[in-house]
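What the coordinates show
Residues per chain are reported as follows:
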Amino acid sequence: MTDQLDCQVTIEELAALMKRTAGVHVDPVALRQQADDGFDAFGLDSLGLLGIVAELEKRYGLGLPEQAERCKTPADFLALINGALKTGV
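Residues numbered from 1 in each chain as written. Predicted model: local features only at pLDDT ≥ 70, side-chain atom pairs only at ≥ 80, totals over all residues. Heavy atoms only, no water.

**Here's the deal with the environment of Leu80**
- Following the sequence through the fold, Leu80 ends up in helix α4 (residues 74-87).
- Setting aside anything within four residues of it in sequence, one finds Leu80 in contact with Pro65, Gln67, Ala68 and Cys71. (Helix = DSSP H or I, 4+ residues; strand = E, 2+ residues; numbered from the N terminus. Contact = heavy atoms within 4.5 Å.)

This is the structure:
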């Protein structure tokens, strides 16, 4: 199992996950600059976000908070996910 204290999902990883799991191509620089914009501004819907959550749960071997599937922005999503990874919850 991975040491959660050393794990953090970056903007670059989120952009790659958006492409791999939802087929949404996003420039990581644009994602960083517009991290407070809604996922819909990037073309990611709730089903795509669910796929990202599932991929991260599989990668890190833990269930992520239910709220992750309802995050509206990349900034909120990364804050929630990275907080959960840090605490192992």
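**Digging into the side chain of Thr73**
- By the element assignment, Thr73 lies in the loop between α3 (46-60) and α4.
- A polar side-chain atom of Thr73 sits 3.0 Å from the main-chain amide nitrogen of Asp76.
- Thr73 has contacts with Ala35, Asp36, Asp37, Gly38 and Phe39, leaving out every residue within four places of it along the chain. (Polar contact = N/O pair within 3.5 Å; in protein donor to acceptor, adjacent residues only side chain to side chain.)

**Some thoughts on the packing of aromatic side chains**
- Per the stated rule, a full pass over the model turns up 1 aromatic pair.
- Summarising the aromatic geometry, the rings of Phe39 and Phe77 are spaced 6.0 Å apart at their centres and angled 80° between planes, so their arrangement reads as edge-to-face. Here Phe39 is found in the loop between α2 (28-33) and α3, whereas its partner Phe77 is found in helix α4, with 38 residues between them in sequence. Across the pair, Phe77 and Phe39 agree in class, each one buried. (Phe/Tyr/Trp six-rings, centres within 6.5 Å; stacked < 30°, edge-to-face > 60°. Buried < 20%, exposed > 50% of the residue type's maximum accessible area, 1.4 Å probe, protein only.)

**Focus: the pattern of salt bridges**
- Counted according to the given criterion, the structure contains 4 salt bridges.
- Arg32 is the partner of Glu12 in a salt bridge, and the nearest nitrogen-oxygen pair spans 2.7 Å. Here the residue Glu12 occupies a position in helix α1 (residues 11-22), and Arg32 occupies one in helix α2, the gap between them amounting to 20 residues.
- Judged by its relative accessible area of 48%, Arg32 is partly exposed. (Salt bridge = Lys/Arg side-chain N within 4 Å of Asp/Glu carboxyl O.)

**Quick notes on the packing of α1 against α3**
- Taken N-terminus to C-terminus, the directions of α1 and α3 make an angle of 110°; their axes are 9 Å apart at the nearest point. Comparing the axis directions of α1 and α3 gives the class roughly perpendicular. As for the relative orientation of α1 and α3, their crossing is right-handed in sense. Contact with α1, carried on its side by Glu13, Leu14, Leu17, Met18, Arg20, Thr21 and Ala22, involves Gly48, Gly51, Ile52, Glu55, Leu56, Arg59 and Tyr60 of α3 and no other residues of that element.
- Along the lines of polarity and charge, the residues of the contact of α1 with α3 split into 7 nonpolar, 3 polar and 4 charged. (Axes fitted to C-alpha atoms, helices over the stretch in contact; angles between N-to-C directions. Parallel < 35°, antiparallel > 145°, perpendicular 65-115°, else oblique. Left-handed = near helix turned anticlockwise from the far one by under 90°. Nonpolar A, V, L, I, M, F, W, Y, C, P; charged D, E, K, R; others polar.)

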